[in-house]
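Read off the chains here:
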Amino acid sequence: MSGVLEREASAERRAELAERLERVRGRMRDAAGGGPVPRLVVVTKNFPPSDALALAELGAADLGENRDQEAAPKAEALAGRLESPPAWHFIGQLQSNKAKSVVRYASAVHSADRLSLVKALGGAMSRALQEGLRPDWAGASLDVLVQVSLDDDAAGARGGAAPADVPRVAEAIASTPALELRGVMGVAPLGADPAPAFERLAAVRDALRADHPGAEWMSAGMSQDLEAAVGAGATHVRIGSDILGARR
Ligand SMILES: *Cc1c(COP(=O)(O)O)cnc(C)c1O
């Protein structure tokens, strides 16, 4: 995918995105039941920069991506088109050698799951700041969440640190200049009731806050399990297909 925006979204596509975005916002308000409504991270992976631009113009201030090769050119394309570009949230498994690229556009990384990655992100951030490679719109610090495995087996089929390892990863983030520890992220296990998994994630977040009062974020909930996540206290939901459509 190239960094240039080859075409704009059609009027029809724009209307469809507007309607689906509103429908998801309605579900979030209903799920919150009068309580605080989480932030919506619209996951634009597998969809063209024209859709991301249309969504940003419709008021989506937070966009999510899970592959650096796709996210980097998309972020660049939008930065060239908008006075205030959206905040990009990196939500996927991240190889340490991609940290250097990710810190040139991401405001937040939701998927820190090991000490080596925290170290790579910290090093990449300080170099990017020194060399002026981090754009102002991405922010002077990087918000980082510890991804917690919510799978019953410790192998973590859907990624993340085992709950017992979370304090060490969190401590490493908190003690790295230019990284801001914000909280936790989780993906519900496949084929199981998401509600208890999100309750476990909330408990991990609450335990973390005893030592790190600023670690308030809980990034949880996708198209299929948004309501369960909001019910468990998610502060950020990550929604792709219910807004953009089925991914090819
Ligand atoms: C793709 C993805 C999402 C969005 O999933 P949908 O089911 O399309 O809403 C959320 N979180 C992560 C980590 C993802 O990779």
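Residues numbered from 1 in each chain as written. Predicted model: local features only at pLDDT ≥ 70, side-chain atom pairs only at ≥ 80, totals over all residues. Heavy atoms only, no water.

Looking only at helices and strands, the protein chain features nine helices and eight strands. Expected size for 248 residues packed as a compact globule is a radius of gyration near 18 Å; at 17 Å, the protein chain falls within 12% of this value. Based on the C-alpha atoms only, the size of the protein chain along its principal axes is roughly 50 × 45 × 30 Å. Burial statistics for the protein chain: of 248 residues in total, 51% are counted as buried. Taking the contacts inside the protein chain whose residues are at least 6 apart along the sequence as the reference set, 64% of them involve residues at least 24 apart. Entry remark: accessible area of the protein chain is about 11100 Å², with carbon and sulfur atoms responsible for 49%. Side chains of the protein chain carry 29 positive and 33 negative charges; the gap between the two charge centres is 3 Å. (Helix = DSSP H or I, 4+ residues; strand = E, 2+ residues; numbered from the N terminus. Rg over C-alpha atoms; globule rule 2.2 N^0.38 Å. Buried < 20%, exposed > 50% of the residue type's maximum accessible area, 1.4 Å probe, protein only. Contact = heavy atoms within 4.5 Å. Areas by Shrake-Rupley, 256 points an atom, 1.4 Å probe, with all protein chains shown as cover. Lys, Arg positive; Asp, Glu negative; His and termini not counted. Charge placed at Lys NZ, Arg CZ, Asp CG, Glu CD.)

What follows is about helix α2 (residues 49-57). What sets the pattern is the α-helix's 3.6 residues per turn: residues three or four places apart point alike. Here α2 lies mainly inside the structure; eight of its nine residues are buried. Residues of α2 that are buried include every one of P49, S50, D51, A52, L53, A54, L55 and A56, and no others. The inward-facing, buried residues of α2 abut α1 (11-32), β1 (39-43), β2 (62-65), α3 (68-79), β3 (87-90) and α9 (241-244). Of the residues one or two after α2, G59 is the one with positive phi, at around 105°.

Every residue close to the ligand is listed here: V43, K45, N66, I91, M222, S223, R238, I239, G240, S241 and R247. R247 places a side-chain nitrogen or oxygen 2.7 Å from an oxygen atom of the ligand. Protein burial of the ligand: of its 390 Å² of free accessible surface, 89% is covered by the chains. (Near = heavy atom within 4 Å. Polar contact = N/O pair within 3.5 Å; in protein donor to acceptor, adjacent residues only side chain to side chain.)

It is worth spelling out the packing of α2 against α3 at this point. Here α2 crosses α3 at 50°, and the two axes come no closer than 10 Å. Judged by the angle between their axes, α2 and α3 are oblique. Between α2 and α3 lies a crossing of right-handed hand. Packed against α2, whose contacting residues are P49, A52, L53 and A56, the element α3 presents K74, A77 and L78 at the interface. Residues that form the contact of α2 with α3 fall into these classes: six nonpolar, no polar and one charged. (Axes fitted to C-alpha atoms, helices over the stretch in contact; angles between N-to-C directions. Parallel < 35°, antiparallel > 145°, perpendicular 65-115°, else oblique. Left-handed = near helix turned anticlockwise from the far one by under 90°. Nonpolar A, V, L, I, M, F, W, Y, C, P; charged D, E, K, R; others polar.)

Moving on to the pairing of β1. Along a regular strand, successive side chains alternate from one face of the sheet to the other. Burial analysis of β1 places four of its five residues in the buried class, which makes it a mostly covered element. Direction of pairing for β1 relative to strand β8 (residues 236-239): parallel, over a ladder of four bridges. Bridge pairing links R39 to H236 in β8. In this structure, β1 lies alongside β2, joined through two bridges in parallel fashion. (Pairing = 2+ DSSP bridges.)

Turning to its location among the elements, R134 is positioned in the loop between α5 (115-130) and β5 (142-147). Although R134 is buried, it forms no salt bridge, and the closest oppositely charged side chain is D143 at an N-O distance of 7.3 Å. Engagement of the side chain of R134 in a polar contact is seen with the backbone oxygen of V103, the distance being 2.9 Å. For R134, the side chain forms a polar contact with the main-chain oxygen of G139, separated by 2.5 Å. When near neighbours in sequence (up to four residues on either side) are disregarded, R134 contacts V103, A106, S107, M125, A128, L129, G139, A140, S141 and L142. (Salt bridge = Lys/Arg side-chain N within 4 Å of Asp/Glu carboxyl O.)

UniProt records the feature "modified residue: N6-(pyridoxal phosphate)lysine" (unreviewed entry) at K45, using the numbering of this structure. With respect to the helices, strands and loops of the structure, K45 is situated in the loop between β1 and α2. Among residues more than four places away in sequence, those in contact with K45 are G64, E65, N66, E70, K74 and R247. (UniProt positions renumbered as here; feature names shortened; annotations may be inferred.)

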